[in-house]
Amino acid sequence: MTKGPEGFEQFYSEMYGERWPRLKEALLAPKKHVAVANPFSKFKFPEAPLHVTGISFEHDVRESFPQPEKTEEGYMNYYLMDAASILPVEALDLQPGEKMVDLCAAPGGKSFLCALKLKNQGLLVSNDRSAARRARIHRIFDDYLPKSEQKNHTVTGHDATKWSLYQKSIYDKVLLDAPCSSERHVLEDSKELAIWAPGRTKAIAISQFAMLASALDIVKVGGTIVYSTCALSQLENDDIIRKLYQKRPGRFELIRKEFSFGEPTEFGWQVLPDNTGWGPFYLAVVKRTK
């Protein structure tokens, strides 16, 4: 298959058919954000906040926001996110006292939301192999949370694909927001688009599956894994869950989740910007059964 812009266009046209032109247009449009209020900053939105149904955190939706800044309490006032990227945290259904790991946590926004759910009870492990990205996680926690609220939080630098060699059946919940093709970024970067090749998504999918297989070993029996990506490629989304059925039969069951925006896929849920203005984002929820 052709590489570069022509190959990219061919690959995703074949995957999305007649939908691709409007999906591509939406991907190139300005991004929208949700501002999630930081309760420790005591910040209040100045106007009546607009809400996205199904998001449990205090938040507001506008066409644009000023960059977050510190309030007199010394903590950042809000965290800016795509509404779709909040859904994996909602899908985890975290309860105070549970033990969870965020396997690919940088830059740290989802870990911050998980910390709010856990209420400084249980255990939150935020993992990333890159020292620079781990530094970003530390900054997020220091900027948004008092030290007293970080007692149940640890930052690690393990290889997520090999974690199960060292720990097994430890965690109640696992969030695997896997590194992915991030096609929206590729479209916006001419240099990235020029070197794009179909082998990119195939290679990434191999690593994603290894991480998910490891996650299935480190979560407890009865525990939950949320697998998510910001990819358009089905090789990195439903096909990863399909491969889990092939390689780990009988060890898990799929938990169906529906949200107020987005659409169901064969195994999960997808949010695409042509229909919602949010995303792209994919998630699937897996419960370990043995």
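So, here's what we can say about the structure. Just so it is clear, the structure is predicted and the values come from calculations on it, not from any experiment.

Cut-off values and rules
Residues numbered from 1 in each chain as written. Predicted model: local features only at pLDDT ≥ 70, side-chain atom pairs only at ≥ 80, totals over all residues. Heavy atoms only, no water. Helix = DSSP H or I, 4+ residues; strand = E, 2+ residues; numbered from the N terminus. Buried < 20%, exposed > 50% of the residue type's maximum accessible area, 1.4 Å probe, protein only. Pairing = 2+ DSSP bridges. Axes fitted to C-alpha atoms, helices over the stretch in contact; angles between N-to-C directions. Contact = heavy atoms within 4.5 Å. Arc of directions from axis to C-beta. Expected span 1.5 Å × (residues − 1). Salt bridge = Lys/Arg side-chain N within 4 Å of Asp/Glu carboxyl O.

1. Description of unusual backbone geometry
Line of reasoning, step 1. In this structure, Pro107 follows Ala106 across a cis peptide bond, with omega equal to 5°.
Line of reasoning, step 2. Along the chain, the position of Pro107 falls in the loop between β4 (99-102) and α4 (109-118).
Line of reasoning, step 3. A cis amide bond links Gly279 to the next residue, Pro280, at an omega of 10°.
Line of reasoning, step 4. Phi is positive for Lys119, close to 55°, though the residue is something other than glycine.

2. Details of the pairing of strand β8 (residues 219-229)
Line of reasoning, step 1. For β8, the buried fraction is high: eight of the eleven residues fall into the buried class.
Line of reasoning, step 2. Both strand β7 (residues 171-177) and β8 contribute to a ladder of six bridges, which runs parallel. Of the residues in β8, the one forming a bridge with Leu176 is Tyr227.
Line of reasoning, step 3. Both β8 and strand β12 (residues 281-288) contribute to a ladder of six bridges, which runs antiparallel.

3. Focus on the sheet that holds strand β2 (residues 59-62)
Line of reasoning, step 1. Spatially, the three strands line up as an open sheet ordered β2-β1-β3, and their pairing is antiparallel. With partners counted over all chains shown, the strands left at the sheet margins are β2 and β3 (78-81), one partner each. Within this sheet the neighbouring strands show an average axis-to-axis angle of 25°, counted without direction.
Line of reasoning, step 2. Pairing of strand β1 (residues 33-37) with β2 involves four bridges; the strand directions are antiparallel. Bridging from a neighbouring strand, Ala35 pairs with Asp60 of β2.
Line of reasoning, step 3. Here α4 sits on the sheet and contacts β1 and β3; the angle it forms with β3, its principal contact strand, is near 130°.

4. Brief notes about helix α9 (residues 238-247)
Line of reasoning, step 1. Asp238, Ile240, Ile241 and Leu244 are the residues of α9 that are buried. All buried residues of α9 fall inside an arc of 165° around its axis, so they share one side. When the buried face of α9 is taken as reference, the exposed residues oriented beyond 90 degrees from it are Gln246 and Lys247.
Line of reasoning, step 2. The secondary structure elements touched by the buried residues of α9 are α8 (199-218), β8, β9 (252-255) and β12.

5. Here we look at helix α5 (residues 131-144)
Line of reasoning, step 1. Compared with an ideal rise of 1.5 Å per residue, which puts 14 residues at 20 Å, α5 spans 20 Å between its outermost C-alpha atoms and is within 8% of the ideal.
Line of reasoning, step 2. All of the buried residues in α5 are Ile137, Ile140, Phe141 and Tyr144. Buried residues of α5 fall within an arc of 90° about the axis and therefore sit on the same side. Of the residues in α5, the exposed ones pointing more than 90 degrees away from the buried face are Ala131 and Ala132.
Line of reasoning, step 3. Next to the buried residues of α5 lie β3, α4, β5 (123-127) and β6 (153-156).

6. Re the pattern of salt bridges
Line of reasoning, step 1. Enumeration over the complete set of coordinates arrives at 17 salt bridges.
Line of reasoning, step 2. Here Arg242 makes a salt bridge to Asp239, at a shortest N to O gap of 2.4 Å. Within this pair, Arg242 and its partner Asp239 are both found in helix α9, separated by three residues, close to a single helical turn.
Line of reasoning, step 3. Given the relative accessible area of 27%, Arg242 is considered partly exposed.
Line of reasoning, step 4. Linked by salt bridges that have partners in common, Arg19, Arg22, Glu263 and Asp274 make up one network.

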